[in-house]
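Spelled out, the chains give:
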Amino acid sequence: MAPWGYEKDNGPAHWHKDCPIANGKNQSPIDLINGEVKYDSGLKPLTAKYVPFSDAKFLNNGHSVQFQPSAGNGSELTGGPLAVKYNFEQFHFHWGNNDTEGSEHRVDGKMYPAELHFVHWNSTNPSFKDAVGSGGPNGLAVLGFFLKVGAENAALKPITDLIPKVKDAGTSVTVPSNFDMQAILPATLTDYYTYDGSLTTPPLAECVKWIVFKQPLEVSAAQMEAFRSVINRDGKPMGGNYRPPCPLHDRAVKTSFK
Ligand SMILES: NS(=O)(=O)c1ccc2oc(=S)[nH]c2c1
Ligand SMILES: [Zn+2]
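Because the structure is a prediction, the values reported are computed rather than measured.

Trainee: Before we move on, could you go through the layout of surface pockets and cite the residues and values that matter?
Mentor: Size it by volume and the largest pocket reaches roughly 400 Å³. What lines the largest pocket is a set of 23 residues, among which Gln 90, His 92, Phe 128, Leu 199 and Thr 201 lie closest to the centre. Every element with two or more residues in the lining of the largest pocket is listed here: β5 (65-69), β7 (86-95), β9 (114-122), α1 (128-132) and β10 (140-149). Here the element with the most residues in the lining of the largest pocket is β7; it accounts for four residues. Residues that form the lining of the largest pocket fall into these classes: eleven nonpolar, eleven polar and one charged.

Trainee: Report on the coordination of the zinc ion (ligand 2), specifying residues and quantitative values.
Mentor: On the protein side, the zinc ion (ligand 2) has His 92 (NE2), His 94 (NE2) and His 117 (ND1) as donor atoms, found 2.0 to 2.1 Å from it. Along the chain, the residues donating to the zinc ion (ligand 2) are arranged with the sequence spacing H-x1-H-x22-H. For the pair His 92 and His 94, a shared accessibility class is recorded, and that class is buried.

Trainee: Which residues make up the pairing of β10, and what values do they have?
Mentor: Most of β10 sits inside the fold, with eight of its ten residues counted as buried. Here β9 runs beside β10; their pairing, made up of eight bridges, is antiparallel. When the sheet's bridge partners are listed, His 120 is paired in β10 with Ala 141. Across five bridges, β10 lies against strand β13 (residues 208-213) in parallel orientation. Paired with Leu 143 across the two strands is Ile 211, which belongs to β13. Summarising the sheet, β10 and strand β14 (residues 217-219) pair through three bridges and their orientation is parallel. Across the sheet, residue Lys 148 finds its bridge partner in β14, namely Glu 218.

Trainee: Would you mind going over the environment of Glu 225 in detail, with residue names and values included?
Mentor: Within the fold, Glu 225 resides in helix α3 (residues 221-228). A relative accessible area of 45% places Glu 225 in the partly exposed class.

Trainee: For the site of ligand 1, give the residues involved together with the corresponding values.
Mentor: With respect to spatial proximity, 13 residues lie near ligand 1, and among them His 92, His 94, His 117, Thr 200 and Thr 201 are the closest. Thr 201 places a polar side-chain atom, nitrogen or oxygen, 3.1 Å from a nitrogen atom of ligand 1. Starting from 360 Å² of accessible surface for ligand 1 in isolation, the protein chains cover 83%. Of the pockets mapped on this structure, ligand 1 occupies the largest pocket.

Trainee: Tell me about the nonpolar core, and please be specific about residues and values.
Mentor: In this structure, Phe 58, Phe 67, Phe 91, Phe 93 and Phe 118 are the most contacted members of the largest nonpolar core, which totals 46 residues. Broken down by element, this core gets its largest block of residues, five residues, from β7. Setting aside its immediate chain neighbours within four residues, Phe 67 contacts Phe 53, Ala 56, Lys 57, Phe 58, Phe 88, Gln 90, Phe 91, Ile 159, Val 175, Phe 179 and Met 181. Within the second largest apolar cluster, 22 residues are counted, among which are Phe 146, Tyr 195, Ala 205 and Trp 210.

Trainee: Can you lay out the environment of Asn 26 for me, pointing to particular residues and giving the numbers?
Mentor: Checked against the element boundaries, Asn 26 lands in the segment before β1 (31-32). In this structure, the C-alpha to C-alpha distance between Asn 26 and Leu 199, residues 173 residues apart in sequence, is 9.9 Å. Setting aside chain neighbours within four positions, we find Asn 26 in contact with Asp 196, Gly 197, Ser 198, Glu 206 and Arg 251.

Trainee: Can you tell me about the pattern of salt bridges, naming the residues and giving the values?
Mentor: With the rule as written, the count across this model stands at six salt bridges. Arg 228 is the salt-bridge partner of Asp 99, the closest N and O atoms lying 2.6 Å from each other. Taken together, the residues Asp 99 in the loop between β7 and β8 (106-107) and Arg 228 in helix α3 connect sequence positions 129 residues apart. Looking at Asp 99, the relative accessible area reads 41%, which means it is partly exposed. Under the relative-accessibility criterion, Arg 228 is labelled buried at 14%. Note that Arg 228 and Glu 225 form a salt bridge whose closest N and O atoms lie 2.8 Å from each other. Remark: Glu 225 and Arg 228 occur in helix α3; sequence separation between them is three residues, near one turn of the helix.

Analysis parameters
Residues numbered from 1 in each chain as written. Chains lettered and ligands numbered in written order. Predicted model: local features only at pLDDT ≥ 70, side-chain atom pairs only at ≥ 80, totals over all residues. Heavy atoms only, no water. 1 Å grid on protein atoms, 1.4 Å probe; cavity = no way out; pocket = protein on both sides within 12 Å on 5 of 7 lines; lining within 4 Å. Points joined across faces, edges and corners; volume = space filled by probe spheres on them. Helix = DSSP H or I, 4+ residues; strand = E, 2+ residues; numbered from the N terminus. Nonpolar A, V, L, I, M, F, W, Y, C, P; charged D, E, K, R; others polar. Donors = N, O, S within 2.8 Å, 3.2 Å for Na, K, Ca; no water. Buried < 20%, exposed > 50% of the residue type's maximum accessible area, 1.4 Å probe, protein only. Pairing = 2+ DSSP bridges. Near = heavy atom within 4 Å. Polar contact = N/O pair within 3.5 Å; in protein donor to acceptor, adjacent residues only side chain to side chain. Areas by Shrake-Rupley, 256 points an atom, 1.4 Å probe, with all protein chains shown as cover. Sits in = over half its atoms within 2 Å of the grid points. Core = buried A, V, L, I, M, F, W, Y, C linked by side-chain atoms within 4.5 Å. Contact = heavy atoms within 4.5 Å. Salt bridge = Lys/Arg side-chain N within 4 Å of Asp/Glu carboxyl O.

Any link to function would need more than the numbers given here.
Written as structure tokens, this is what we have:
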């Protein structure tokens, strides 16, 4: 089978052939239906402590554009639904070819134009790869932020300004060491949905504690257009690199807000 992608011949409907877990009971993304979520007063705010990276790349891996440090540097996530410390691994994006589609998670059936994922791995594992394979929903913690079109996002500008340099699949560029990743996050990481799920791309491992924030981040129309200029490994616009929602089965979605 052609390597997986989001086209007719290699998209989400085909993934189960290489990854049978695609039809599992803990798959992501999902539609976050407000009438079916349950407030959990025990959910505390999250704390993300991100240290500037001296050696990080921004790359086009053929199915997303991704910020990837060369090694860990003590950037970590704690709190919220998490029992232990999680190490930062990478962040990447999913987006659409127009403003009516692009996010992976949905809220009452509504898609946002894009979704940003901050990926972290459970520090009780020796590595990210081990955390993915550790079994159970506590291997990774992924923060999901919806993006909507509005004001320019100054914190993401150093990243969106690099997009023209990674237009083609397999290209990468070094990110200036003064890039302030912490500035992307809202000041307080309070109102979120959380549930046990999976990677939204192959291998689709069911190893993720998902934490999706209610409040979207804003990016400008020009920043959205930058994403839409990215080309995938088939030479087509990468937009549409989102998996449709999966069945919830008997999972609960908890919220930190009423
Ligand atoms: N889109 S996502 O669920 O955040 C996600 C995060 C980390 C991943 O590592 C591999 S391999 N595939 C991945 C998908
Ligand atoms: Zn993702």
